[in-house]
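# Descriptive structure summary
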Amino acid sequence: MLESYFKITSQGSSVRRDILAGIATFLAAMYIIVVNPTIMNAAGIPFGGALTATVLVSFFGSLMMGLYARNPILVAPGMGINALFTYTMVVGAGIPWQTALGCIFWAGILFAVLAVLNVRRYIIDAIPAQLRYAISCGIGLFITVIGLVNAGFLVSNPATVVGLGEMTPTLVTFLIGLAITAVLVARNMPGALIIGIVTTTLMATAIGRLWGDASAFSPTGSATLVNFNGIFALPDFSTMGQLDLIGALNIAYWPFIFVVLFTTFFDALSTFMGVCQAGKLLDRNGEPRNIRQSMMVDAMSAIISAPLGTSPANAYVESAAGISQGGRSGLVAVTAALLFLPFLFLSPLLSLVPSIATAPALIMVGVFMLDPIRHINWYEFDDAIPAFIAMILIPLTYSITHGVVFGFLAFVVVKAGVGKRHEIHPTMWILAALSLLLLFQE
């Protein structure tokens, strides 16, 4: 039955190989089960509710990818877009998290419309590749900064804006965990990020018990950083259906809906293109296999994310872990989907993980997301300057929106200034005008 549905043999694989590839993909991406609720919790969403949403979205998204698009690609709440949700929309702009979820929902609806109309080629042509690469890199740097701040490595300094945190037991534990995680990643260890999270959490149990005081990091003010509250619990559905759909339609929030749409759409498209190209999962036209169906799955996953209580889900580049081990069919994604389900009942155990344990994973994700920087044309300054502005302003302003806005404006100004107006797509003029409106509105 599996063979007849997934056409596994004809794609050069086997049931056993695809199941093992699904396990490898899950191990490479399972860090999101802990990391995403941690980031959502910073926006005021209960950890347990965010964990339930993360698991359910990852399950349904990956299952749809395997059964409908029949691609070996895992779907889960995206890194980068969760930082946009928490630190730009909720913390930065002061949008209630329920309203921010409403913005996520409407962005998902627009994503689905774009996927149905199959306008990906037009969108690709409209926004220059240099800016897309730069924004991806900027989000990676932003995630790294978030990790460093969460660990207390970067702190506010009145004299220098930012500075190095004090070498407390908490920070030393983080640095050891970062070193271990970096070595595991460099050695291509399967599940390196989750091993790093578990190892750092185990080391952190000593803080407040054998040495140091974690009061500054503990949400409850406890001297201990890791506190056991049990292993099993029923899923927390407290965030389900909490989105504010009407409030999200306020014209003041339209720019955020656009940025969410932009980020999810291009993240999905670039992931499909990169992973499928690397794994040679291409159709006769040289495009990613079943790209339209895959984009539809990504759009539907983004739509269901908000009602469940988390930021949008999208395709994961970690899917390359399973593809590199021979996974070829949708059975890979189905296997990974099923492996998420047991974690619905482990929220007390996963809540043990402190922010200093997830910080090394965030920094490594930042490293992974900097890969597109090699595609930026640094030798042509009319390409390099807008890309650099977009990339550097995302972490420095602590806002993905501001990086995107100034990147668009810089591209139009520089290209027009050097007499290359023909390289500016008509859509970019519209985007630049919208960017100006957003800046003056603020």
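Because the structure is predicted, anything quoted here is derived from the model rather than measured.

### Some words on the overall build of the chain
For the chain, the count of helices and strands is 19 helices and four strands. Its C-alpha radius of gyration of 21 Å places the chain within 12% of the 22 Å reference for a compact globule of 442 residues. Taken along the three principal axes of its C-alpha coordinates, the chain extends 65 × 65 × 45 Å. Taking the intrachain contacts of the chain between residues at least 6 apart in sequence as the baseline, contacts between residues at least 24 apart amount to 78%. About 18,300 Å² of surface is accessible on the chain, with carbon and sulfur atoms providing 68% of the total. Computing the positive centroid from 18 side-chain charges and the negative centroid from 18, the chain places the two 12 Å apart.

### Describing the nonpolar core
Burial of nonpolar side chains together is a common tendency in soluble globular proteins. Judged by nonpolar contacts, the single largest core of 136 residues is most densely connected at Ile33, Met79, Phe85, Phe174, Met295 and Met428. It is helix H11 (residues 254–278) that provides the largest number of residues to this core, a total of 13 residues. Of the domains in this structure, domain 1 (1–161 + 240–352) and domain 2 (377–441) are the two that each give at least three residues to this core. For Met428, the contacting residues outside a window of four places in its chain are Ala126, Ile127, Pro128, Leu131, Phe408, Phe411 and Val412.

### Digging into helix H8 (residues 129–150)
Its 22 residues place the ends of H8 32 Å apart at the C-alpha level, agreeing with the 32 Å of an ideal helix rising 1.5 Å per residue. Within two residues after H8, Gly152 carries a phi angle of roughly 80°, on the positive side.

### So, the pattern of salt bridges
Taken as a whole and judged by the stated rule, the model has five salt bridges. The partner of Lys415 in a salt bridge is Asp382, with the nearest N and O atoms 2.6 Å apart. Of the two residues, Lys415 sits in helix H18 (residues 400–417) while Asp382 sits in helix H17 (residues 381–396), which places them 33 residues apart along the sequence. An identical accessibility class is assigned to Lys415 and Asp382; each is buried.

### Quick notes on the domain arrangement of the chain
When cut into domains, the chain gives domain 1 (1–161 + 240–352) and domain 2 (377–441). For domain 1 versus domain 2, the distance between C-alpha centres works out to 25 Å. If you look at the interface, domain 1 gives 27 residues, while domain 2 gives 22 residues. Counting each side, the surface lost to burial between domain 1 and domain 2 is near 2,200 Å², with a carbon and sulfur contribution of 79%. For the domain 1 face of the interface with domain 2, the top three residues by lost area are Gln130, Leu131 and Phe142, together amounting to 24%. At the boundary of domain 1 and domain 2, one finds zero salt bridges. Where domain 1 touches domain 2, the interface holds one residue pair in polar contact (both at pLDDT 80 or more).

### Describing the pairing of strand S3 (residues 161–164)
Strand direction decides the pairing type here: strand S2 (residues 154–157) and S3, joined by four bridges, are antiparallel. Among the inter-strand pairings, Leu154 is bridged to a residue of S3, identified as Leu164. What sits between the antiparallel neighbours S2 and S3 is a turn of three residues.

### Here's the deal with the packing of aromatic side chains
Overall, the coordinates contain 12 aromatic pairs when judged by the stated rule. Plain terms: the ring middles of Tyr87 and Phe142 are 6.4 Å apart, the flat faces sit at 75° to each other, and that makes the pair edge-to-face. Placement of the pair is Tyr87 in helix H5 (residues 81–90) and Phe142 in helix H8, with a sequence separation of 55 residues. Per residue, the accessibility class of Tyr87 equals that of Phe142, and both read buried.

### Thoughts on a nonpolar patch on the surface
Taken together, the side chains of Met1, Leu2, Val15, Ile19, Leu20, Ile23 and Leu27 define a hydrophobic patch exposed on the protein surface, amounting to about 570 Å² of accessible area. Residue contributions to the nonpolar patch peak at five residues, all from helix H2 (residues 15–29). Summarising the element assignment, Met1 is placed in the segment before helix H1 (2–6).

Conventions we followed
- Residues numbered from 1 in each chain as written.
- Predicted model: local features only at pLDDT ≥ 70, side-chain atom pairs only at ≥ 80, totals over all residues.
- Heavy atoms only, no water.
- Helix = DSSP H or I, 4+ residues; strand = E, 2+ residues; numbered from the N terminus.
- Rg over C-alpha atoms; globule rule 2.2 N^0.38 Å.
- Contact = heavy atoms within 4.5 Å.
- Areas by Shrake-Rupley, 256 points an atom, 1.4 Å probe, with all protein chains shown as cover.
- Lys, Arg positive; Asp, Glu negative; His and termini not counted.
- Charge placed at Lys NZ, Arg CZ, Asp CG, Glu CD.
- Core = buried A, V, L, I, M, F, W, Y, C linked by side-chain atoms within 4.5 Å.
- Buried < 20%, exposed > 50% of the residue type's maximum accessible area, 1.4 Å probe, protein only.
- Domains from an automatic or database assignment.
- Expected span 1.5 Å × (residues − 1).
- Salt bridge = Lys/Arg side-chain N within 4 Å of Asp/Glu carboxyl O.
- Buried area = accessible area lost by both parts, 1.4 Å probe.
- Polar contact = N/O pair within 3.5 Å; in protein donor to acceptor, adjacent residues only side chain to side chain.
- Pairing = 2+ DSSP bridges.
- Phe/Tyr/Trp six-rings, centres within 6.5 Å; stacked < 30°, edge-to-face > 60°.
- Patch = residues over 30% accessible without salt bridge, like charges linked within 9 Å, V, L, I, M, F, W, Y side chains within 5 Å.

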